[in-house]
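# Inside the fold
Each chain, written out:
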Amino acid sequence: MVFRKLPGVSASGMGLRLSQKFVFLLFLSGLVTLCFGALFFLPDTMRLKRIFLSKNENPAVTVGSDNVLSKKVPGDPEHQRAGLKGARTVERSVGSRAQDEWSPAKAHEPAARDERVTSAAQNGQRGSAYSYETFKKCLLKPPLGKNKGTPSDSETLQRREKVKEMMKFAWDNYKRYAWGKNELRPLTKNGHIGNMFGGLRGASIVDSLDTLYIMGLMEEYEEAKEWIQDNLDLNSNGEASLFEVNIRYVGGLLSAYYLTGAEIFKQKVLELGEKLLPAFNTPTGIPRGVINLGSGTSWSWGWASAGSSILAEFGTLHLEFVHLSELSRNPLFTEKVMNIRKLLNKIEKPHGLYPNFLSPVSGNWVQHHVSIGGLGDSFYEYLIKSYLMSDKTDEEAQKMYYSAMEAIEANLVQKSPGGLTYVAEWRGGILDHKMGHLACFSGGMIGIGADDGPAGQKQHYLDLAAEITHTCHESYSPTKLGPEAFRFDAGAEATATRLSDRYYILRPEVIESYMYMWRLTHDPKYREWGWEAVEALEKHCRVEAGFSGIRDVYASTIILFKYLLYCYKDLTDLHHKLSEFHLFFK
C-alpha cells in the first residue's frame, strides 16, 4: 500500500448545516437505528441543510420529531463486552410548536423544564396527541430523496444493488434459520437468543426495520412489521441491558415509526419505554446498567468496577428518551436524561476529561480510565447530536461536547512517528497508545461537529476528522478488514500487535466515518474505501448462510468464527454496515 500525504478538507466546499430541519432527514435514511447510512440517500448535489423542514414554519403547528438511528454500542470491559457495537445512535429533530406546549427544546430551559416536569410528572398529565400526519406535512422533500436517491452513473448503481443483494442474502438466511430469535449464527445455521435483552425476542427484526425500508425491500419490511404486530411480547421478566434494549429496540421502533407512521411501532416503543424508567431509581439518578423488565429491579454489571455505571451506557439514552417524551407528551423521560447532565456538569473532571466509570450511588468517578472507544464512545456522539437535533438550541450539549473535544485533543490526540493521527486511551494520567475499532466512529463525529465549534476552528476540525479517518483506513489490513484494536508503540503503526486483538466481528465504525466524510467532502476516495470493504466482506466473510466474523485479519488463510464470540454480532452490525454501504452508492 502506498501511503500518500492526506490532503486537507476544504471548509468552503461543504455547506453542512445540521439543523433541526436536516436531522429530520437523517432519521429517514436510517445507528444509528438505524444507522448513519441515511445520509446517502440524499442526491449527490445536495448539502445536508434545509432539506426537510421549512426555515419559517408556522409556530402554532404541532410537529413531531424525526430520527436517524446510528447506534453506538459501548465496548465492553476489555475482554467481556468488546463485541457489543452497532451503529448506533439516534439523531432526531424536533419541530416547532405553540408557545404553551411542551417541547424537547424548551426542556433545556431550566425554569420551564422544572415547572412543566413537576406538574406533569406529579399529576400524571400528558400533552396533546402527537400527529404523524402533521409531521409529514412539514417535509419539503420525499422521505427517501428524489427517485429514492438512485444514482445516475451505472457503476455506482451496480455497487448499490450489490449492497442491497448482500442485505437480502443476510435477511433471507436469518428468516430461514433464526426467525424470531435475536441473531443468526451463520456457520452452524442456528438461531440465538442470548441474555442481553431480558427475554425479548426478535432483536434483528426490530433493528433491521429502517434498513429494509430504506433499501426498498418492502416485502421483507412487511414481514418484519407483521412479526412485531403479532409476536413482539414486551412482558418479559429477565435481566436486560438498559443500553442494548434502548439502542436496539427503542431506537429501532422509533426509526420505523418516523419513517412509516405505523402506529404499532409507536405503541410498542412507548410501552417499552415505561419499563426502562425504574433503572433511574438510584440515589443520584444515574441509571444502573442492568434491569429486570418485569420487576423493575436494577443493578450494575458484575464486571463494572465497584458497582459503577458506564459512561457510554448512561450517556447513550438522551436522543431516544427525548423522543419518548415527544411521542407520549410525558416530560419524565426527558427529565431523567437531563438529570444525568446536571450531575456530570457538577462533578470535577480530571483535566476536563470524562472517565468511563461513575458510581450511581455517590455520583463520583470510580476509575480514571478515559477512552473515546469502548466504554466511552457514544456519550460524545450523543452530545453533538443532541445539539443538532434541538435545532442548535441545546447550548448545554454544545458546551459539553466542545469542552470534551478540547480536553481530548489536549490529552489524548497523538501523532505517530509515521504521521498518523490517533486517539490514545488515558489511564490515570498515563497514555495507552492504542486505538480500538470502536473509536473509529470519531472521524465522522468530529466532521459533523465542525461547523459549530469555537470561532475559526471549522477547518481544524475537518482536518482532524479526515486525519483520524485516514488512520482507521490504514488499520485495515491486507484483507481490507480491520482488527479489534491497533497500536502505535514498539514501532507499530496502526497494527494489532497482540493476537487477542486481531479478530474482526463485522463492526461498522470505520465505514461510518467513510460515509460521513463522503457526505461532507464528496472526495471520491471515501467511496472507494467503502467499496474495498464491500469486496472484502464478500471475499472473506460471506458463507452459505450469511456473513461471519474472522479470527485473524492478518492470516493468509481466513478462519471463520464457528460461534461469534459476543452476542449480537451477526446480522445486526452487518445490517448497519450494509445500510451505510448502500447509501454510499446512490
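As the structure is a computational prediction, the values presented were derived from the model and not from experiment.

Checked against the element boundaries, Gln267 lands in helix H8 (residues 263-276). Residue classification places Gln267 among the partly exposed positions, given a relative accessible area of 48%. Spatially, the C-alpha atoms of Gln267 and Tyr257 are 9.5 Å apart, while their sequence positions differ by ten residues.

On to the confidence of the model for the chain. When pLDDT is averaged along the chain, the result is 81, and 73% of the positions lie at 70 or above. Note that residues 1-124 has pLDDT below 50 and, in this model, 485 contacts with residues that lie over four places away or in other chains. Across residues 562-571, where pLDDT falls below 50, the model places 46 contacts with residues more than four positions away in sequence or in other chains.

It is worth spelling out the UniProt feature "active site" (unreviewed entry) in the chain at this point. The positions UniProt marks with the feature "active site" (unreviewed entry) are Glu244, Asp377, Glu484 and Glu509. By secondary structure assignment, the location of Glu484 is in the loop between helix H15 (458-475) and strand S17 (485-487). Secondary-structure assignment places Glu509 in helix H16 (residues 509-521). Its relative accessible area of 0% is what places Glu509 among the buried residues.

This next bit is on the environment of Cys440. Positionally, Cys440 belongs in the loop between strand S16 (434-436) and helix H14 (442-448). Not counting chain neighbours up to four residues away, the residues in contact with Cys440 comprise Met435, Cys472, Phe486, Glu509, Val510 and Ser513.

What follows covers the nonpolar core. Formed by 137 residues in total, the largest nonpolar core has its most connected members in Ile228, Phe265, Leu344, Tyr380 and Met435. The element best represented in this core is helix H7 (residues 242-260), accounting for nine residues. Filtering out sequence-adjacent residues up to four positions away, Phe265 remains in contact with Leu209, Tyr221, Lys225, Ile228, Leu253, Ala256, Tyr257 and Thr260. With six residues, the next largest nonpolar core counts Phe243, Ile247, Tyr382 and Met389 among its residues.

Quick look at the packing of aromatic side chains now. Applying the stated criterion to the full structure yields 22 aromatic pairs. Ring plane angle 55° and centroid distance 4.9 Å describe the contact between Tyr354 and Phe379, whose orientation is recorded as tilted. Taken together, the positions of Tyr354 in the loop between helix H11 (332-346) and strand S9 (357-358) and Phe379 in helix H12 (residues 377-389) put the pair 25 residues apart, joining distant regions of the chain. Across this residue pair, the class does not change: Tyr354 and Phe379 are buried. Ring geometry for Tyr526 against Trp529: centres 5.4 Å apart, planes inclined by 85°, an arrangement best described as edge-to-face. With Tyr526 and Trp529 both in helix H17 (residues 524-541) and three residues apart, this pair spans about one turn of that helix. There is no split in this pair, since Tyr526 and Trp529 are both buried. Aromatic rings pair up to connect Tyr354, Trp365, Phe379 and Tyr380 into one cluster.

A word on the pattern of salt bridges. One pass over the structure, following the stated rule, counts 26 salt bridges. For the salt bridge of Lys189 with Glu544, the shortest nitrogen-to-oxygen distance reads 3.1 Å. Here Lys189, found in the loop between strand S3 (183-185) and strand S4 (190-192), pairs with Glu544, found in the loop between strand S18 (542-543) and strand S19 (546-547); they are 355 residues apart in sequence, far enough to count as distant. In this structure, Lys434 engages Glu425 in a salt bridge whose closest nitrogen and oxygen atoms are separated by 4.0 Å. Among the ionic contacts, a cluster of salt bridges with common partners joins Glu425, Arg427, Asp432, Lys434, Arg487 and Asp489.

Further remarks concern the state of the cysteines. Following the criterion strictly, the structure yields one disulfide and no others. Here Cys440 engages in a disulfide with Cys472; their sulfurs sit 2.1 Å apart. Between Cys440 and Cys472, the S-S torsion sits near -95°, and that sign places the bridge as left-handed. With Cys440 in the loop between S16 and H14 and Cys472 in helix H15, the pair connects residues that are 32 residues apart, well separated along the chain. Overall, Cys472 belongs to the buried group, its relative accessible area being 1%.

Cut-offs and rules
Residues numbered from 1 in each chain as written. Predicted model: local features only at pLDDT ≥ 70, side-chain atom pairs only at ≥ 80, totals over all residues. Heavy atoms only, no water. Helix = DSSP H or I, 4+ residues; strand = E, 2+ residues; numbered from the N terminus. Buried < 20%, exposed > 50% of the residue type's maximum accessible area, 1.4 Å probe, protein only. pLDDT = per-residue confidence, 0-100. Contact = heavy atoms within 4.5 Å. UniProt positions renumbered as here; feature names shortened; annotations may be inferred. Core = buried A, V, L, I, M, F, W, Y, C linked by side-chain atoms within 4.5 Å. Phe/Tyr/Trp six-rings, centres within 6.5 Å; stacked < 30°, edge-to-face > 60°. Salt bridge = Lys/Arg side-chain N within 4 Å of Asp/Glu carboxyl O. Disulfide = S-S within 2.5 Å.

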